[in-house]
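Observations on chain architecture
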Amino acid sequence: MEWAITKSDLSHDDKSGVVRFVERMERELRNGGTPIEGFQFLNSPLEMLRFSREIEEEILANPDGADLYVGFQNSDKLAGERIRYRQIVDAGVRLTGFGVGAAPDFLQGAHARWASLKPDRRLLVNQWFLVSSNPVPIAFVGWETSPEDRFGKGGITGEGKGFEGFVTADPRVITALVEYLDHVFEGANKPGDDVADPPCELPECLLTEVEDDAVPVMMGRDHSSLVLDAPVRRILAITDLHGSPEFNGLRGWATELAIANASQLVLYEMSAASYLVSPYPEDHRKQWQRILSWRDLLPLGRAPLARQLARIQARGVDTGAILPSTHGFRHLADWANREDIDLILLPVSLVRPGLLARLRGYSLDSLLQHTNRRVMVVTDSGMMCAANGKEPSVVPDSSVTIADGRAAWAAGF
């Protein structure tokens, strides 16, 4: 379960993404079992405050062996609850607090700990929440839907403030949430770790097969050199299932670019196209012709691609895959228009491809004839040069720029 509002959670009907997040949570944690129990939607800040106070009072009344995970968005908000939470800590409750900023001074002692977070309003851990597994399993989450300039500021009933959320007592939700929060706490207190990285959800039996998954390239390093000149919401990168070093490298650099620009990364599995068979099931074929998750890929027999997505997801990147049904970059261009791709990344080998690739329509010139989306070519070292338009190239960890990517290719790129 990814405990964040993802791009797939957002829609015209659900601009906050909270409703679709809850639907996804219910579907994934239910896992074919009985419906989530003891669940209630909340959209009144005062009602949310009442729930949070009831949880606090229950824990104070039964502190022996009790635990409480609490999120107040930032340390200043939790400091405003100093008296109440000092009582909770003094009662011996195992308290874990989460928020942006340093730990409030009263969170000291054997029973209290603090996770200092980076700002990120899409993550559940940056919201208002109280979760306890004992004395009574309960989870309350209030997702702030306020405008960006109001997020985390002022009281819950202040002007422009808005919240949507839920409360549940289902042990499946409580257990999964506690595991997630423990994971975030551990990551927040290890130097160099990124607390926003969600755990990889792929089944263990697939994680053991990693022969084609060398994704990390700049783990823990400064990504500022990869920030592009304009917002990029969705990046598409070519991949295959054959474990070639070239495509391994392209996936790695594409992942770093997605991290630097807070983008979704979509892998286009070039090897899926075939003149003889479709990569999709015969029944309800159209419902599969979309950006697919790793879970979607497993019943389609594409475990290697699912592993690729899992490796990228473990870096904290929202990711998915496209399975083309036709050869050629004209087909890719159609997908790019349909899925509103902002940037397409190609390996350098497709600048001057071999005869078979050209016959199948896999050449840079063919792509540029059929799309006006931004295209960049990536070398094995991570240098990225623009293939259309005039803009600086991107060179990781370097100040070198090239005004025109084509000049780089002419020089033996």
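Here, every reference points to the structure presented above.
The present account deals with the structure reproduced in this document.

Basis of the calculations
- Residues numbered from 1 in each chain as written.
- Predicted model: local features only at pLDDT ≥ 70, side-chain atom pairs only at ≥ 80, totals over all residues.
- Heavy atoms only, no water.
- Helix = DSSP H or I, 4+ residues; strand = E, 2+ residues; numbered from the N terminus.
- Buried < 20%, exposed > 50% of the residue type's maximum accessible area, 1.4 Å probe, protein only.
- Contact = heavy atoms within 4.5 Å.
- Areas by Shrake-Rupley, 256 points an atom, 1.4 Å probe, with all protein chains shown as cover.
- Axes fitted to C-alpha atoms, helices over the stretch in contact; angles between N-to-C directions.
- Left-handed = near helix turned anticlockwise from the far one by under 90°.
- Nonpolar A, V, L, I, M, F, W, Y, C, P; charged D, E, K, R; others polar.
- Pairing = 2+ DSSP bridges.
- Core = buried A, V, L, I, M, F, W, Y, C linked by side-chain atoms within 4.5 Å.
- Phe/Tyr/Trp six-rings, centres within 6.5 Å; stacked < 30°, edge-to-face > 60°.
- Salt bridge = Lys/Arg side-chain N within 4 Å of Asp/Glu carboxyl O.

So, about the overall build of the protein. Along the protein, the regular secondary structure elements total 13 helices and 13 strands. Across the 413 residues in the protein, those meeting the buried criterion constitute 51%. The long-range fraction of contacts in the protein, counting pairs at least 24 apart against all pairs at least 6 apart in sequence, stands at 67%. Working note: accessible area of the protein is about 18,700 Å², and carbon and sulfur atoms make up 52% of it.

With respect to the secondary-structure elements, S75 resides in helix α3 (residues 75-79). On the accessibility criterion, S75 (11% relative accessible area) is buried. Excluding residues within four positions of it along the chain, S75 makes contact with V100, G101, A102, P104 and W114.

Moving on to the packing of helix α2 (residues 45-61) against helix α4 (residues 82-90). With their axes 10 Å apart at the nearest point, α2 and α4 run at an angle of 35° to one another. Pair α2 / α4 crosses with left-handed handedness. Contacts from R53, E56, E57 and L60 of α2 reach α4 at R84, Y85, Q87 and I88. The residue makeup of the contact of α2 with α4, split by class, is three nonpolar, one polar and four charged.

It is worth spelling out the sheet that holds strand β12 (residues 374-378) at this point. A sheet is described by the order of its strands in space; here six strands give the open sequence β10-β9-β8-β11-β12-β13, paired in mixed fashion. Edge positions in the sheet fall to β10 (319-322) and β13 (384-386), since each has one partner strand and no second. Each strand of the sheet is rotated relative to its neighbour by a mean of 30°, with strand direction disregarded. The sheet contact formed by β12 and β13 spans three bridges and is antiparallel. Within β13, the residue paired with V378 across the bridge is M384.

Within the open sheet, the seven strands sit side by side as β1-β7-β6-β5-β2-β3-β4. Their pairing is mixed. Looking at which strands have only one partner, the edges of the open sheet turn out to be β1 (39-42) and β4 (112-117). Between one strand axis and the next, the sheet turns through 10° on average, direction left out of account. Pairing geometry for strand β5 (residues 128-132) and strand β6 (residues 138-144), over five bridges, is antiparallel. Note that in β6 the partner of W128 across the bridge is G142. Taken strand by strand, helix α1 (residues 18-30) contacts β1, β6 and β7 (163-168), and its axis lies near 25° from that of β7. Set on the sheet, α4 makes contact with β2 (67-74), β3 (94-100), β4 and β5; between it and β2 the angle comes to about 155°.

Another aspect to go through is the nonpolar core. Ranked by internal contacts, the top residues of the largest apolar core, which has 55 residues, are I238, L265, F329, I344 and L345. Counting residues per element, this core draws most heavily on helix α7 (residues 245-261), at six residues. A139, A176, L177 and L181 belong to the second-largest nonpolar core, a separate cluster that totals 32 residues.

What follows covers helix α10 (residues 329-338). Each α-helix turn comprises 3.6 residues. Residues three or four places apart therefore point the same way. Listing the buried residues of α10 in full gives F329, H331, L332, A333, W335 and A336. On the buried face of α10, the contacting elements are β8 (234-239), β9 (264-269), β10, β11 (343-347) and α12 (364-370).

Another aspect to go through is unusual backbone geometry. Following N134, the chain continues into P135 via a peptide bond in cis, with omega recorded as 20°. Within the element layout of this structure, P135 appears in the loop between β5 and β6. In this model, Q73 sits at a positive phi of 75°, which is unusual for a non-glycine residue. Tracing the backbone through its elements, the reader meets Q73 in strand β2.

Turning to the packing of aromatic side chains, a few remarks are in order. The full count for this structure, using the stated rule, is eight aromatic pairs. Relative to F163, the ring of W128 has its centre 5.5 Å away and its plane inclined at 80°; by these criteria the two rings are edge-to-face. Of this pair, W128 sits in strand β5 while F163 is found in strand β7, placing the two residues 35 residues apart along the sequence. Classification of W128 as buried rests on a relative accessible area of 7%.

The next thing to look at is the pairing of β12. Where burial is concerned, most of β12 is hidden: five out of the five residues are buried. Alternating positions in β12 separate into two faces, R374, M376 and V378 on one and V375 and V377 on the other, with burial throughout. The antiparallel hairpin formed by β12 and β13 contains five residues in its connecting segment, where G382 sits at a positive phi of about 95°.

Okay, the environment of A112 next. With respect to the helices and strands, the residue A112 is situated in strand β4. Between the C-alpha atom of A112 and that of V89, which follows or precedes it by 23 residues, the distance is 6.6 Å. When near neighbours in sequence (up to four residues on either side) are disregarded, A112 contacts V89, L95 and L107.

All right, on to the pattern of salt bridges then. According to the stated counting rule, one finds 19 salt bridges in the structure shown. Two residues, R94 and D67, come together in a salt bridge whose shortest N-O distance is 4.0 Å. One end of the pair, R94, is in strand β3; the other, D67, is in strand β2, with 27 residues separating them in the sequence. Residue classification places D67 among the buried positions, given a relative accessible area of 3%.

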